[in-house]
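Structure assessment
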Amino acid sequence: MARKCNVTARTIRYYESLGLLKTNSRSEGGQRYYTDADVVYLNRIAELKELDFSLNEIRSIILMGSDDATGEKRRNELLKQYRSKLSEALERQAALEKRISDLTWHVQQLETNDDFQQCPGLMCKNCTFRERCRFKELS
């Protein structure tokens with residue numbers, strides 16, 4: 001199962017210790033037996049981890065299953081969590097886009113400034129980047 005799901009056996013044992021996975025049966029030697037449903041379940045856990053769900057968040061969703069025969073409670077909780085994670089990701093994206101824009105204009109400003117020692121300074125009056133520059137008030 002570890003190979004099929006691209007995780008380590010140690011990860012599987014850890015998830016079992018947290019109650020995220022249940023081993024239904026074992027051999028006399030203690031070897032765990034897993035079903036195709038277990039593989040699907042572990043892949044769902046891995047998917048949630050990739051989407052920045054904590055193990056506690058995953059565990060709370062899994063524990064809902066004991067009193068959620070239709071799956072509706074888990075579905076609604078996942079929708080709520082996905083929306084929250086999406087909102088956070090969009091905020092990070094906006095911050096990253098702003099940073100890229102800031103870095104781009106700094107590169108352009110340095111590439112076009114003939115006298116680095118005069119920035120800020122005498123160059124400011126004619127600088128094409130004046131409106132965006134934090135030093136415009138100094139000149």
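Located above this text is the structure these notes cover.
A brief look at the structure comes next. From a predicted model like this one, the values you see are computed outputs, not experimental measurements.

Glancing now at the overall build of the chain. Helix and strand counts for the chain stand at 5 helices and 2 strands. Along the chain, helices and strands appear, N-terminal first, in the series α-α-β-β-α-α-α. Taken against the 2.2 N^0.38 rule, which gives 14 Å for 139 residues, the C-alpha radius of gyration of the chain at 27 Å runs more than 25% over that of a compact globule. When its C-alpha atoms are laid out on the principal axes, the chain stretches across 85 × 35 × 20 Å. Within the span of the chain, comprising 139 residues, buried residues form 21% of the whole. At a minimum sequence separation of 6, the contacts of the chain that also span at least 24 residues come to 42%.

Further remarks concern unusual backbone geometry. You will see that Asn6, though not glycine, has its phi angle at about 60 degrees, which is positive. Notably, Asp52 is not glycine yet its phi reads approximately 70 degrees, a positive angle. Mapped onto the elements, Asp52 comes out in the loop between helix H3 (36-50) and helix H4 (55-64).

Calculation criteria
- Per chain, residue numbering runs from 1 following the sequence as it is written.
- The predicted nature of this model means local features are confined to residues of pLDDT at least 70 and side-chain atom pairs, given and counted, to a pLDDT of 80 or more, with totals for whole chains, interfaces and linings taken over all residues.
- Each side-chain value is worked out from all heavy atoms of the structure, with water and hydrogens disregarded.
- Runs of E in the DSSP output that reach at least two residues are strands. Runs of H or I that reach at least four are helices, and both are numbered from the N terminus.
- Each radius of gyration is computed over the set of C-alpha atoms, and the globule rule expresses the reference value as 2.2 Å times the number of residues to the power 0.38.
- Under the scheme applied here, a residue whose accessible area is under 20% of the maximum for its type counts as buried, over 50% as exposed, and between as partly exposed, the area being computed with a 1.4 Å probe on protein chains only.
- Note on contacts: a residue pair qualifies if any of its non-hydrogen atoms lie within 4.5 Å across the two residues.

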